[in-house]
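Below are the chains, spelled out letter by letter.
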Amino acid sequence: MFSSYHLPTLLDTSYLSMVSRIQGHETDDNPNLVEGFVSINDTIPLMPDPQSFDKVLDALKNFIPVNQNNAMFITFWMIAAVSAQIVGSTTNLHHQQKDEVEVAYSIVTNIFAKCPHLDFILWICPANFVLADHIQQMFSMLSVDSAEDAASSIRKLFHNYKVLFLHRSRYLQKLYVRPARVEDNDDLIPIIQKSNPEILQGQSHFFLADLIQQADQSNRYFVGLKDHDVPVGMLATGVDVNMSLITKIFDVDVFQDLVIQSAQAALPPPLLITIVGDIRLLDLDVLSNTLDGDRCHILNFEAMRVDWRKYQSDHGETYAQAIQRGETVPSMLQAFLQHVVGQLNEPDLQAIILWGLPSTEDDAQRLVGMITSESDVILELVNTSEDAEDDEDDEYLQRHLDAVEVLREHYFLEEGTVGNFRTPFAAETPVAEKRAQWRKISFDKETALQLKQENIQRFYGALSVCFDDRVERIERAKQLQQEKPPAANGFAITALCMEDAFLSRSIDLLKLAFEEQPHLAYCLYMLPNDLPPSPATQAFSFVKTRAGVSFDQSLYVLHRSYFYVQEHMTLQRVQASLLKDETLLSFIAPLPASVRSSLTDELQSSVQENDIDLLDNPSQASFAVMMGDNVVGLFTLSRRLLSSDDVGWFRAHYHLDEHVAYTRHRLRNQSIISTWLLDPVFSHWTRLILQHAMRKCQKTVFYFHTPDRSTAPPKEVLEEFVFVRPRRRAQGEHQPFRKRPSVIQQEKHLAEAAAAEADARAAAAAAAAAADPTAVAAVLIAPSSVVPIAIPREDSPLFCLTKSTLAQRKTIVARRMVIVGGSSQSYAFLETFTSPPAFYYPNVYFILGVLPSPLRSTTTTSSTTATATGGGAAEVSSWLEDDFSGCLSPKDVDFPLLNELWAQGYQHRVNVLRGHLTDIDREHRAVVVSDELVLEYDFLLLSSPTVDHSARRIASLAQVHPAKCADAGIFGLGNPAADLLATQWAQRRTANKNDPIVISGGAVRCLAAAEGLVRAGIPASKIICVTQDYDSQLAGLGDQTPLSRLVADTLANTKTGLRAFLWRCEVSEVILSRNGFIQAVDIRALDAAEPTEETKSSPIRRVSGQTPAMAAAIPRMMMQKEPCAGLFLCDADEDMVSCERDVFAAINDCGLVFDGGVIVDLGFRTVDPHIYAACDFAKFSRVYRNELPLRRYNPREVGMHVALQLLYAHFYPNLAKLSPSQVQQSLRGTTPSQFVGVATAGPTPQLPGKRSVSTTPNVRFSLGRATYGFLAGDLFFFRCALPSLADLGAIDVLTDNLAPHIQRFGRPPPQHLTNLKISGLGVVSEVVYVGMEPVEYRNLSQIVGKHEAYLNAAVHAHEKGNVPDWIDFFRDTWATAVYLDSFHHLLQAVRRNLASDKGMISLLGRIFERSERIDEDADLADYRRNIIGPRGEHVPEITLKTIEASALDYLRDNAEFLPHFYMKSRDK
């Protein structure tokens, strides 16, 4: 306000700008209707010092509680009393006068509501600035200079300035919150009725009072009051949270402490088993080996060289010393055993076996209590032979047996509870009352001495009983623990009702709820998906559902740290001292080792540039997000990969200009975020963090270019940044940028560094050889020191964020959109639907039968089967799955390329599922995927690919399900899943058999399928093609005989290797073997008259693989049987191509109308308003008599149009409240650039409940549908045609490349033919190409639908003989502008400017006048060409200047994308 401003620059570089218009006139462009405009920022216009923001706030802390997180400065303030003359509903005029204070109050209130973290809005004004009355009424003034305690530095800082401020409490005050009372019932009921009336359904008037009266520690109720006495909101919370359901449905794993994990039940101590008795009956070594696998440890007290009392304990003293100072022997033995267990360090140790204890009667006396109470079982080995005698020479055994007698006497005299293999320290029975079970195991000594191995097994059986009992008790404890539901470390919102004006202050109620429950860290809030976005959730973090899960509610999570951010969160540059700080190390500890290492290297690299001030634009800087002294986030800003050439590369490959005005954002003010890590509980503050980073580094644009395209971008990037759509780039030489400049620069740097290192290494090796020849090898094999910089893949997703969008958080729309996709329409729909920059759609589900590689890396597989025919397994088959149109079918030009699909990042932005539709439940709004997964939807789009159904023409297959046909080897081609299954069948069946694969259908489709099989490894000699086409007129190549003849002659004159190609024939029947596989087919020659004498004489013609005898016999054969290993069907008849059988069954069974295709209205809705269809098998209702089937229209246009219909009608919140300019701004970047003109000129989107009943078609599509493909015989074909070719004035212009090359160069290249069909009005309606050379099919598809005048006067150039070959003509450099996806801007500008051009109006008047006297369209077209001139020579000068001005504006706007474009001067 106190200096000059450029409004666009002010809007782009400010944090937030608010405007107020006169209500009811928001759609007018009259600037006089603006009554107020305010802009705030984190800079101070009057203080040019970039650090003035921090200095001023530090100074003002002495007067008001401001900090970097809760304050902003006014950069522009304009409030004016407006007197506008408004026309009302009657003819009377009235005047409306608005008070300036009212206007300013409204704007300021909206700013505080938009920015709930702001508490202060400051204004630094010149000291001599005269305050207007409304400013004096609204603002408070700080008398900084007159303050007695103000330091001299503060007085100096504010010398000659006034400091004004606005505090939130005056405009959108914080609420006073208290626990609810019974008497609040009458005040809260109206608020609930308005906010959430469903709560009151079926309830009495005083039900809320009853609930409040029953409040306890688990269920609490809070009331928010304005002015301390007026209730404006209520919050109800509860701690009964179903975490089992939440963890199953929602991806809450990132909130590691959200679920209170019940302590894992510790494994019981190992069993203590005491072996006593005649221990010589068993071989201890054999026993040890036997028990080794059972995790048992044997303590052989006999074999110990010294007494156990001499071992040292964990405290460093011997157990004998402990006994001497008063410890009892049993307790010391127990300590010794625990020490042994600790030394073994085996968590799953099952048992400790005491062998040979007690060893003496004295030990027995001292240890009897310990052994009998702490042992789980005592196993006594007894010799039961008749002549059993003890070995008196075995001294140890004799002492041990005597000790056992003492032990037995005490055991059977004691009274106590007999144990059942108890766990010693965990049993409930007191130790004094425990007794181990005493079991005897009898052995015959004579047998025992001879068969000790058998005795071992017998003894092992007794031990197994003990082991099994322990395992059973462990499993039972684990099961009980698993059945116990997890507890939540938080409370849930059961009701939140607020007056609309105070929705943004609902956080005040939550603050008290956290204070009342200090032991809980989270608040969970679940809302139905169909509710519009609410300001009440703006402080929460949205939690996505798990992959493959659909739920009718959305989960929002709030952490209690939210309330500490304003005071404690800071952003600081990473210093060397921080790299060793424990808080940083613990923050990055959970990362994988490789990621942690690369992050550490990056931070160290940034620290090396810390001597460069941030305002001096270092090439790299890393920042730490701090909460007090704790690190909660790390990110790095880098300019190393952002040169001016890189920005140009970005603009050429992505639609960045739709989001960033580069004339107002200098290169030094842009940076790339190369690394981003943030604790998920602070995700809500991402934009505040980035705001501080922009201020500290003087940046206005941040980019995030995913380093690894298969790695998901951070959650904060997906939810806060704007996704930038990749461009559909031209092909061949018309693509201005090929490789990212940083990649070229790094390759050059690495090559130079490697060469220098090689030279240095050679010199070092030579020096080492002279000094020590043995050291040469060490020098040569030393690791390289050349480390490449991590550069993102060129086809990775790109995100951006400008300063002007920091305050405009994305709106989360949680409605569920399920797309049964796979068609080119579905990809176009997805591209448009997910592109609105102001919205985030987390619940978009994309179902595909076959996943291309860009969607395969992180997808959820709903089923292992992915079929087009309802059965069969689609195994992963390398590149075959990346063919969107099907590996055996002609290709659709409008499918995205793989690199474009990678750049879309769908695998991270939408839920991709593998499967096929099998059922639709309209009542519950759910679909069944692959008979396994149930997926609920709010809106459903049917957009699956089509498949050939010509098997119905074969009598024996008419009623057979396609799945059974596929099992027999009969496939209908046409989509990726069907083609993949057919290819895999052919690979298996032809591997060891000579029977061929028969392909039947249209000639072009047959040849495309044959070529696909050959590329998949099937020998051409095992392929037979059967077609009903004439060799002079091939379906799919238009009506041009020369092009069809070229294909037929190429097949006849070249060695394609095919076993046979049969013209004018069909497969009439199939023969199956006993095991159900196809064995042979009957091929019948058609009786229709042939158009040429040659074809009449040969009803069945073979073009290869035939002998003279066969050729003589064939003409007499009207029917022949051919053995085959598979039958592939690809009919050219549109009636034989429809949806998959399972999709048809799902559509038909659920009650949708299917009349040769699923029926839709002009809004592409079926009879169910929640189900849309955009696919080749959809048809407009018969009430729209003049509409063509959707398969005729350009699929990208159709997909874009349906996406816009859904966005406008159902997924664009508060659409009715927005002006057209606001809608256009919010949808900026949504509509694919190629179709913006069509979208704005097309039909008005249908809003919910307003179904069109007009029979007049209003769906207008203007682009052609294009297909291309490789054909057998090394041929390539391309065809693009408008939906309707009915034009009486159309002309065909055919070029053949042979003649000019023969005349100029001698030997010609491989022949190709190109035909352009041009309507009487000069619009190119069809392009067909056939030749041996592949062409730029995407470029050629851009020609159709454009006037030939935009194509360098193509007709005139051809008539003058300047176009010997259309392909060379359209490969010329002038065509670069036509192929650019922004060319429609020129077309729109020319149409808009010529609409009011006097010269053009005069020309149109003459044409209209002539049309009244001419009946023939061709004559009128000639007249139009004559009065305009072939190259516009007769157009008035004023009209030419208008066109030239539009063209020059287009060239200036796209100079970055057209570096080699030139404009030829017009001949005078």
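All figures in this text were calculated on a predicted structure; none of them were measured in a lab.

Scanning the chain for helices and strands turns up 47 helices and 60 strands. Here the chain holds 1468 residues, and the buried ones make up 54% of them. Of the contacts made within the chain by residues no fewer than 6 positions apart, 75% connect residues no fewer than 24 positions apart. For the chain, the accessible area works out to roughly 65,000 Å², and carbon and sulfur atoms hold 51% of it.

A few words on the pairing of strand β50 (residues 1119-1123). Because side chains alternate across β50, one face comprises the buried residues Q1120 and E1122, and the other comprises M1119, K1121 and P1123, none of which is buried. In terms of strand pairing, strand β49 (residues 1078-1085) meets β50 through five bridges, oriented antiparallel. Counted as the bridge partner of R1084 is M1119 from β50.

One side chain can pair with another of opposite charge once the charged atoms of both are near each other. Tallying each qualifying case throughout the model produces 43 salt bridges. Where E1326 meets R1279, a salt bridge forms, and the shortest distance between an N and an O atom there is 2.8 Å. Taken together, the residues span a long stretch of sequence, with E1326 in strand β60 (residues 1324-1331) and R1279 in strand β57 (residues 1275-1281) at a distance of 47 residues. Exposure remark for E1326: the relative accessible area of 1% places this residue in the buried category. Ionic pairing is found between E1333 and R1371, a salt bridge with its closest N-O pair at 3.1 Å. One end of the pair, E1333, is in the loop between β60 and α40 (1337-1341); the other, R1371, is in the loop between α42 (1366-1370) and α43 (1376-1379), and 38 residues separate them in sequence. By relative accessible area, which is 27% here, R1371 ends up partly exposed. The structure contains a network of salt bridges with shared partners spanning E658, R725, E831 and R1196.

Before going further, it helps to examine the packing of helix α26 (residues 824-833) against helix α36 (residues 1195-1211). The geometry of α26 relative to α36 is characterised by a closest axis approach of 7 Å and an angle of 45° between their N-to-C directions. Between α26 and α36, the interaxial angle falls into the category oblique. Regarding α26 and α36, the two cross each other, and that crossing is right-handed. Counted together, S824, Q825, A828, F829, E831, T832 and F833 of α26 and P1195, R1196, V1198, G1199, M1200, V1202, A1203, L1204, L1206, L1207 and F1211 of α36 form the full contact between these two elements. Residues that form the contact of α26 with α36 fall into these classes: 12 nonpolar, four polar and two charged.

Our next topic: the packing of aromatic side chains. Scanning all chains against the criterion turns up 54 aromatic pairs. Measuring from ring centre to ring centre gives 5.9 Å for Y525 and F540, while their planes differ by 50°; the resulting arrangement is tilted. You can see Y525 sitting in strand β22 (residues 522-528) and its partner F540 sitting in the loop between β22 and β23 (541-543), a full 15 residues away along the chain. The residues Y525 and F540 share a single accessibility class, namely buried. Consider the rings of F1164 and F1261, whose centres lie 6.4 Å apart with planes at 50°: the pair is tilted. Here F1261 lies in the loop between α38 (1236-1241) and β56 (1265-1271) and F1164 lies in the loop between β53 (1158-1160) and β54 (1171-1173), a separation of 97 residues in the sequence. For F1164, a relative accessible area of 0% gives the class buried. Feature note: the residues F829, F833, F839, Y841, F939 and F1211 constitute an aromatic cluster, connected by ring pairs. Between R1015 and the ring centre of F1270, over which it is positioned, the NZ or CZ distance is 4.2 Å.

Let us look at a negative patch on the surface. A cluster of acidic residues, D919, D921, E923, D931, E932 and D1149, forms a negative patch at the surface. Position of E923 relative to the elements: it lies in the loop between β39 (917-921) and β40 (926-929). Under the relative-accessibility criterion, E923 is labelled exposed at 70%.

This paragraph deals with the confidence of the model for the chain. The predicted model of the chain has a mean per-residue pLDDT of 80, with 80% of residues at 70 or higher. Note that residues 1088-1117 has pLDDT below 50 and, in this model, 51 contacts with residues that lie over four places away or in other chains.

What follows concerns the packing of helix α44 (residues 1383-1394) against helix α47 (residues 1437-1453). Interaxial distance between α44 and α47 falls to 9 Å at its minimum, and their mutual angle equals 150°. The pairing of α44 with α47 is recorded here as roughly antiparallel in orientation. Where α44 crosses over α47, the two elements pack in a sense that is right-handed. Contacts between α44 and α47 pair F1383, L1386, A1389, V1390, N1393 and L1394 from the former with T1439, T1442, I1443, S1446, A1447 and Y1450 from the latter. Residues that form the contact of α44 with α47 fall into these classes: eight nonpolar, four polar and no charged.

Basis of the calculations
Residues numbered from 1 in each chain as written. Predicted model: local features only at pLDDT ≥ 70, side-chain atom pairs only at ≥ 80, totals over all residues. Heavy atoms only, no water. Helix = DSSP H or I, 4+ residues; strand = E, 2+ residues; numbered from the N terminus. Buried < 20%, exposed > 50% of the residue type's maximum accessible area, 1.4 Å probe, protein only. Contact = heavy atoms within 4.5 Å. Areas by Shrake-Rupley, 256 points an atom, 1.4 Å probe, with all protein chains shown as cover. Pairing = 2+ DSSP bridges. Salt bridge = Lys/Arg side-chain N within 4 Å of Asp/Glu carboxyl O. Axes fitted to C-alpha atoms, helices over the stretch in contact; angles between N-to-C directions. Parallel < 35°, antiparallel > 145°, perpendicular 65-115°, else oblique. Left-handed = near helix turned anticlockwise from the far one by under 90°. Nonpolar A, V, L, I, M, F, W, Y, C, P; charged D, E, K, R; others polar. Phe/Tyr/Trp six-rings, centres within 6.5 Å; stacked < 30°, edge-to-face > 60°. Lys NZ or Arg CZ within 6 Å of the ring centre and 35° of its normal. Patch = residues over 30% accessible without salt bridge, like charges linked within 9 Å, V, L, I, M, F, W, Y side chains within 5 Å. Lys, Arg positive; Asp, Glu negative; His and termini not counted. Charge placed at Lys NZ, Arg CZ, Asp CG, Glu CD. pLDDT = per-residue confidence, 0-100.

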